Amino acid sequence: EIMGLDTSFFSTNDAFLTYLRGLLVRPTSEAKAMLGIGLLDSYAGVMLYYTRDDTLNQQFQFYLDLGSVRYSEFQHDVAGTPVEQYLQSELISDSLVFIQGMAGVMGKVEIPHVQNLRGIVVNKAELYVPVASESNVAYPSFPLIERIVLFYRDEDGELVPIDDVQGILARRLDLDATYGGTETYEDFIPAYTMNISSHFQKMVEGTVPKELFFSIVDKDRLADRSIVHGATHSRLPMKLKLAYTQL
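Residues numbered from 1 in each chain as written. Predicted model: local features only at pLDDT ≥ 70, side-chain atom pairs only at ≥ 80, totals over all residues. Heavy atoms only, no water.

A. Molecular detail of the pattern of salt bridges. Going through the model one piece at a time under the given rule, you end up with five salt bridges. With a shortest N-O distance of 2.9 Å, Asp176 and Arg147 are connected by a salt bridge. Residue Asp176 is located in helix α4 (residues 175-178), and its partner Arg147 is located in the loop between β5 (120-130) and β6 (149-153); the two are separated by 29 residues in the primary sequence. Classification of Asp176 as partly exposed rests on a relative accessible area of 46%. For Glu186, the salt bridge identified is with Lys241, shortest N-O distance 3.5 Å. Of this pair, Glu186 sits in strand β8 (residues 180-186) while Lys241 sits in strand β12 (residues 239-246), and the two are 55 residues apart along the sequence. For Lys241, a relative accessible area of 33% corresponds to the partly exposed category. (Salt bridge = Lys/Arg side-chain N within 4 Å of Asp/Glu carboxyl O. Helix = DSSP H or I, 4+ residues; strand = E, 2+ residues; numbered from the N terminus. Buried < 20%, exposed > 50% of the residue type's maximum accessible area, 1.4 Å probe, protein only.)

B. Seen up close, helix α5 (residues 197-205). Those residues of α5 that fall on the buried side of the exposure criterion are Ser197, His199, Phe200, Gln201, Met203 and Val204. Residues of α5 that are buried sit in contact with β5, β6, α3 (163-170), β9 (189-195), β10 (211-215) and β12. At the exit of α5 stands Gly206, carrying a positive phi of roughly 80°. (Contact = heavy atoms within 4.5 Å.)

C. Representation of the environment of Gln61. You can see Gln61 is positioned in strand β2 (residues 56-63). For the pair formed by Gln61 and Gly104, sequence separation is 43 residues and the distance between their alpha carbons is 36 Å. Beyond its immediate stretch of four places on either side in the chain, Gln61 contacts Tyr43, Ala44, Gly45, Val46 and Met47.

D. The arrangement of the sheet that holds β9 in detail. Strand order in the open sheet formed by four strands is β8-β9-β5-β12, with antiparallel pairing between adjacent strands. A single partner strand is all that each edge strand has here, and the edge strands are β8 and β12. Within this sheet the neighbouring strands show an average axis-to-axis angle of 25°, counted without direction. Where β8 meets β9, five bridges bridge the pair, whose relative direction is antiparallel. (Pairing = 2+ DSSP bridges. Axes fitted to C-alpha atoms, helices over the stretch in contact; angles between N-to-C directions.)

E. Spatial organisation of the packing of aromatic side chains. Scanning the model with the defined rule gives zero aromatic pairs in all. Above the face of the Phe213 ring, Arg153 is positioned so that its terminal group lies 5.2 Å from the ring centre. Looking at Lys241, its charged tip hangs above the ring of Tyr128, at a distance of 4.5 Å from the centre. (Phe/Tyr/Trp six-rings, centres within 6.5 Å; stacked < 30°, edge-to-face > 60°. Lys NZ or Arg CZ within 6 Å of the ring centre and 35° of its normal.)

F. Local environment of the nonpolar core. Leu150, Tyr192, Met194, Phe200 and Phe214 are the most contacted members of the largest nonpolar core, which totals 37 residues. When contributions to this core are tallied by element, the ones reaching two or more residues are β3 (96-100), β5, β6, α3, β9, α5 and β10. Not counting chain neighbours up to four residues away, the residues in contact with Leu150 comprise Leu127, Val160, Pro161, Ile162, Tyr179, Met194, Ile196, Leu212, Phe213 and Phe214. Grouped together as the second largest cluster of nonpolar side chains are five residues, Val83, Leu96, Ala132 and Ile227 included. (Core = buried A, V, L, I, M, F, W, Y, C linked by side-chain atoms within 4.5 Å.)

G. Expanded view of the sheet that holds strand β4 (residues 107-110). Pairing is antiparallel across the open sheet formed by four strands, whose spatial order is β4-β10-β6-β7. Sheet topology places β4 and β7 (159-161) at the edges, where each strand pairs with a single neighbour. Sheet twist, expressed as the mean angle between neighbouring strand axes with direction ignored, is 35°. Bridging between β6 and β10 involves three bridges; their strand directions are antiparallel. Each bridged residue has a counterpart across the sheet, and for Val149 the counterpart in β10 is Ser215. Along the sheet, α3 contacts β6 and β7; its crossing angle with β7, the most-contacted strand, is approximately 60°.

Just geometry here; none of it tells us what the structure is for.
Below, the structure is given as structure tokens:
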């Protein structure tokens, strides 16, 4: 089809893009797997192989513009899964929280009366989130999320990592040692523990929203998911562990 184009389409990149605006790459059958494509690689592009005068084999590469839009699209079928009933009804308690990669769900937690703590200095604030172990919860296909990252909505409504994550990444420090967010065991109970001290201080002062969102970094390339206990879980609820100094 490309070989049949008028030569004017090959005069400039802009002219060619008026014909070919993009490419869709998708699997031709269902498979329990994900494939990553390195579109930022210098060798990435569309290679055209052709023959001239029936004897001379040649090739030409259409390179990808590094400024072009690239995105992944996922569709999730939650029918028959535990998360389905939570998405369909607002009456169900928040005993479980669901977090998934790709275009999957995010968890949300709200600390409604946090500004009542004004006048304190936060020494340390940790969010303790046990992993669900109910009989109807299993992980047959994908492992648990390696690291949960907490986000909040900024003034523009965009989801951005909390200060405790942004600051660590900016200073190139170790997330494991200072923020956490990975699965650990406390009294033989698997749980995620996240240091939110810096961000919680801002929540107390009212300079950031009182809602936090559970997600993962690189959602567009990870299929991992976790089900964790919410604030109303009967046995092991999510907890905020706070140490502070009263001014």
